[in-house]
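Close look at the chain arrangement
Chain by chain, the residues:
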There are 2 protein chains.
Amino acid sequence: MVDDELGVRRALQRGLTAEGMDVVTAADGPSALELAGTGSFSVILLDIMLPGLSGYRVLERLRADGVRTPVLLVSAKDGDYDQADGLDLGADGYVVKPFSFVVLAAQVKALLRRGADEGAGVLRVGELEVDRGAREARFSGEPLPLSPREFAVLEALASRPGSSVSKDELLRAAWGDEQAATRNAVEVYVGYLRKKLEAAGAGELLRTVRGHGYLVAAP
Amino acid sequence: MVDDELGVRRALQRGLTAEGMDVVTAADGPSALELAGTGSFSVILLDIMLPGLSGYRVLERLRADGVRTPVLLVSAKDGDYDQADGLDLGADGYVVKPFSFVVLAAQVKALLRRGADEGAGVLRVGELEVDRGAREARFSGEPLPLSPREFAVLEALASRPGSSVSKDELLRAAWGDEQAATRNAVEVYVGYLRKKLEAAGAGELLRTVRGHGYLVAAP
DNA sequence: GGGTGCTCTCAGTGCGGTCTCAGCTTCCGG
DNA sequence: CCGGAAGCTGAGACCGCACTGAGAGCACCC
């Protein structure tokens, strides 16, 4: 957590620690960069109003250095700085001072949760394995050759086993942009996946939830 | 979403709908209270500057009535009203006008996510299970094949077990828009549900409350 | 330049789902 | 016991969803 005011650091450290988090603080941009560069954090809470090196600059440098840690920006009350700018620079959230601690904690938790999901190595659903690191899928040990797009769709589905994922969510997860393709593209790719899954013996793994989307679950 | 300006309502409704949310609007305090009292919302977006009954009062009444739905307050730009007051009254977040839509959506999503965790997955009424994640219903373990509309109706009923739900509320919950269909459609779908429930052995689960609506309760 | 694999759109098909209508049954007050 | 209102239900028309095969466009590789 990066803030130049001692009082803010103390208060937030106490509050977040009470929520079960480990908190490390920094008071200025350079030390924040140094700490963040170690890559050993799950979330960075970054004040924009810092003496010397502003929070924007810190964020910019971090992203330029390839640090992907989620960043929650904290801004001063008056809107001289634009939230959209921060989000464009790669921030994952934005909180305006003075903020409700509950909301702040909720945002941090949401980012933590997301990070925990993304970081996981191998997803398993029944006999199916989705190896996010190797970008490879296997069924009962046998490799399952998938194109990049097919893999992305399967990954999105397998990350929420037993839960239905809508076509719009799949577009967002596997295409990145909801506008990039039509819903029919999703149907086509589910068709491809099914063909390959059935050939591997995974018949009923990928089910249709009519009117909503699809889900993967062990039979 | 409660706001007295038609333009704001339209803009937010379009934007939030594009984010995949179902939005119902109200223009003043009393109708907001009436709608919110049904308890069928995940988040309430509440403008403070309302003619007649202010947002603060609406919030106060809601909490006094035991409505726990998360509330995101929206204030005018100048700080005549204090955020702390709103938070003390039981608000879960605060956004200052003029706000960035991206930020507003992010806050709403954060609240939705939190609510989704709490209200997670499976509603249970006696032997009946309504799995919101998989969009599937089960009775004594056996899957109960339902069409999307049937599922939506059952979900709305099961989310308030033992409590009568009016046909208009069901229209709002399962059709999204009160005008989308007639009340007779509700009767028809309750009929479909009853047929399938009886076939599964769930006889008296779905009862009629003459002159009002329907309710599900364990026998 | 031809070949290959991937992506995505398009148009067509079949079927399940949705919803209205009209007639019927049930309920309840008088 | 009657009549009207509320609720129920079978029939049927319409519609849009899910799926599929064909193929165009594209990048990459010999």
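Below, the structure is looked at part by part. (Residues numbered from 1 in each chain as written. Chains lettered and ligands numbered in written order. Predicted model: local features only at pLDDT ≥ 70, side-chain atom pairs only at ≥ 80, totals over all residues. Heavy atoms only, no water.)

Here's the deal with the packing of aromatic side chains
Just so we agree on the cut-off: In this analysis, rings of Phe, Tyr and Trp, with Trp reduced to its six-membered ring, are considered paired at centre separations within 6.5 Å, and the interplanar angle assigns stacked below 30 degrees, edge-to-face beyond 60, and tilted for intermediate values.
The final tally for this structure, using the stated rule, is four aromatic pairs over all chains. Members of the aromatic cluster, connected to one another through ring pairs, are Trp175, Tyr189 and Tyr192 of chain A.

Description of the pairing of strand β5 (residues 128-131) of chain A
Residue and element names in this part refer to chain A. To be explicit about the condition: Exposed residues in this analysis have more than 50% of their type's maximum accessible area, buried residues have under 20%, and partly exposed residues fall in between, with area computed by a 1.4 Å probe over protein chains only. The helix count covers DSSP runs of H or I at least four residues long, the strand count covers runs of E at least two residues long, and both are numbered beginning at the N terminus. Two strands form a pair only when DSSP identifies at least two bridges running between them.
Along β5, one buried face is formed by Leu128 and Val130 and the opposite face, lined by Glu129 and Asp131, is buried too. The pairing of strand β4 (residues 122-125) with β5 spans four bridges and is classified as antiparallel. Across the sheet, the residue bridging to Leu123 is Val130, located in β5. In sequence, β4 turns back onto β5 through a hairpin of two residues, with Gly126 there showing a positive phi of about 60 degrees. As consecutive antiparallel partners, β5 and strand β6 (residues 136-139) are separated by four residues, and within that stretch Arg135 has a phi angle of approximately 50 degrees, a positive value.

Looking at the pairing of strand β6 (residues 136-139) of chain B
Residue and element names in this part refer to chain B. As defined by bridge partners, strand β5 (residues 128-131) adjoins β6 across four bridges and the pair is classed as antiparallel. Counted as the bridge partner of Val130 is Ala137 from β6. As paired strands, β6 and strand β7 (residues 142-144) are joined by three bridges and run antiparallel to one another. By the bridge assignment, Ala137 is partnered in β7 with Leu144. The loop that links β6 with its antiparallel partner β7 comprises two residues; one of these, Ser140, has a positive phi angle of about 45 degrees.

Examining empty space enclosed by the protein
Residue and element names in this part refer to chain B. Put simply, the test is: Points on a 1 Å grid, built from protein atoms alone, make a cavity when a 1.4 Å probe fits but cannot get out and make a pocket when they are open with protein on both sides within 12 Å along at least 5 of 7 lines; residues with an atom within 4 Å of a point are the lining residues. Grid points are joined across faces, edges and corners, and a volume is the space filled by probe spheres set on the points. Each residue is assigned to one of three groups, with Ala, Val, Leu, Ile, Met, Phe, Trp, Tyr, Cys and Pro labelled nonpolar, Asp, Glu, Lys and Arg labelled charged, and all others, Gly among them, labelled polar.
Evaluated as defined, the whole model comprises four cavities of 30 Å³ or more. Here the largest cavity defines a volume of roughly 120 Å³. Every residue lining the largest cavity is counted, 14 residues in all, and those nearest its centre are Met1, Val2, Ala32, Leu35 and Ile44. In terms of residues, the lining of the largest cavity owes the most to one element, helix α2 (residues 29-37), which gives three residues. Its residues assigned to classes, the lining of the largest cavity comprises 13 nonpolar, one polar and no charged.

Things to note about the side chain of Glu155 of chain A
Selection rule: Contact criterion: two residues are considered in contact whenever any of their non-hydrogen atoms come within 4.5 Å of each other.
Looking at where Glu155 of chain A falls in the secondary structure, it is placed in helix α6 (residues 148-158). Not counting chain neighbours up to four residues away, the residues in contact with Glu155 of chain A comprise Leu123, Val130, Arg132 and Arg135 of chain A.

Regarding the pattern of salt bridges
Residues and elements named next belong to chain A. The test is simple: Salt bridges are defined as contacts in which a side-chain nitrogen from Lys or Arg sits within 4 Å of a carboxyl oxygen from Asp or Glu.
The full count for this structure, using the stated rule, is 22 salt bridges over all chains. Here Arg160 ties to Glu169 by a salt bridge, and the two come within 3.2 Å at their closest N and O atoms. The exposure class of Arg160 is partly exposed, given its relative accessible area of 33%. Across the pair Glu187 and Lys167 runs a salt bridge whose closest N-O atoms are separated by 2.8 Å. Of this pair, Glu187 sits in helix α8 (residues 183-200) while Lys167 sits in helix α7 (residues 167-175), and the two are 20 residues apart along the sequence. Relative accessible area serves as the criterion here: at 33%, Glu187 is assigned to the partly exposed category.

Topic: the nonpolar core
Test applied: Nonpolar core, defined: a set of buried Ala, Val, Leu, Ile, Met, Phe, Trp, Tyr and Cys residues in which side-chain atoms within 4.5 Å join the residues together.
Membership of the largest hydrophobic core comes to 30 residues, with the highest contact counts inside it found for Leu128, Leu157, Trp175 and Leu206 of chain B. Broken down by secondary-structure element, the contributors of at least two residues to this core are β4 (122-125), β5, β6, α6 (148-158), α7 (167-175), α8 (183-199) and β10 (213-216) of chain B. For this core, the leading source of residues is α6 of chain B, giving seven residues. The contacts of Leu128 of chain B, once residues within four sequence positions are left out, are Leu123, Arg138, Phe139, Leu144, Leu154, Leu197 and Leu205 of chain B. Counting residues in hydrophobic clusters, the runner-up holds 29 residues, among them Ala152, Leu170, Leu193 and Ala202 of chain A.

Quick notes on unusual backbone geometry
Positioned with a positive phi, Ser140 of chain A is a non-glycine residue whose angle comes to about 45 degrees. Its place among the elements puts Ser140 of chain A in the loop between β6 and β7 (142-144).

Some points on the protein's contact with DNA strand D
This is how it is decided: Being near a molecule or strand, for a residue, comes down to having at least one heavy atom within 4 Å of it. Under the rule applied, a polar contact is a pair of N or O atoms within 3.5 Å (in protein, one hydrogen donor and one hydrogen acceptor; residues adjacent in sequence only if both atoms are side-chain atoms).
Neighbouring residues of DNA strand D: 21 residues in total, closest Lys167, Arg194 and Thr208 of chain A together with Arg194 and Tyr214 of chain B. Each atom of DNA strand D within 4 Å of the protein was assigned to sugar, phosphate or base; sugar and phosphate come to 64%. One of the backbone nitrogen or oxygen atoms of Gly211 of chain A is found 2.9 Å away from a phosphate oxygen of DNA strand D. Within the side chain of Thr208 of chain B, a nitrogen or oxygen atom sits 2.7 Å from a phosphate oxygen of DNA strand D. Contributing elements (two or more residues each) for the surface near DNA strand D: α8 of chain A together with α8 of chain B. Take the surface near DNA strand D: its biggest share by element is five residues, from α8 of chain B. For the surface near DNA strand D, a count of residues per class yields four nonpolar, eight polar and nine charged.

Observations concerning the packing of α6 of chain B against α7 of chain B
Residue and element names in this part refer to chain B. Our working definition: Lines are fitted to the C-alpha atoms to define the axes, a helix being fitted only along its stretch in contact, and any angle between axes, read from their N-to-C directions, falls within 0 to 180 degrees. Reported orientations rely on four angle classes, namely roughly parallel under 35 degrees, roughly antiparallel over 145, roughly perpendicular from 65 to 115, and oblique for the rest. Two helices crossing with the near one rotated counterclockwise from the far one by less than a right angle form a left-handed crossing, whereas a clockwise rotation gives a right-handed crossing.
Two elements in contact, α6 and α7, have axes separated by 9 Å at closest approach and are oriented at 125 degrees. When the axes of α6 and α7 are compared, the pair comes out oblique. Judged by the twist between their axes, the crossing of α6 over α7 is right-handed. On α7, the residues that touch Arg149, Ala152, Val153, Ala156 and Leu157 of α6 are Leu170, Ala173, Ala174 and Trp175. Broken down by class, the residue content of the contact of α6 with α7 amounts to eight nonpolar, no polar and one charged.

Quick word on the protein's contact with DNA strand C
By nearness alone, 24 residues border DNA strand C, and Ser147 and Tyr192 of chain A together with Ser147, Tyr189 and Tyr192 of chain B come closest of all. Restricting attention to atoms of DNA strand C within 4 Å of the protein, one finds that 63% of them are sugar or phosphate atoms. Within the side chain of Asn184 of chain A, one N or O atom sits 3.1 Å away from a base nitrogen of DNA strand C. Here a phosphate oxygen of DNA strand C sits 2.9 Å away from a polar atom, N or O, in the main chain of Arg149 of chain B. Counting residues per element, the ones that place at least two in the surface near DNA strand C are α6 and α8 of chain A together with α6 and α8 of chain B.

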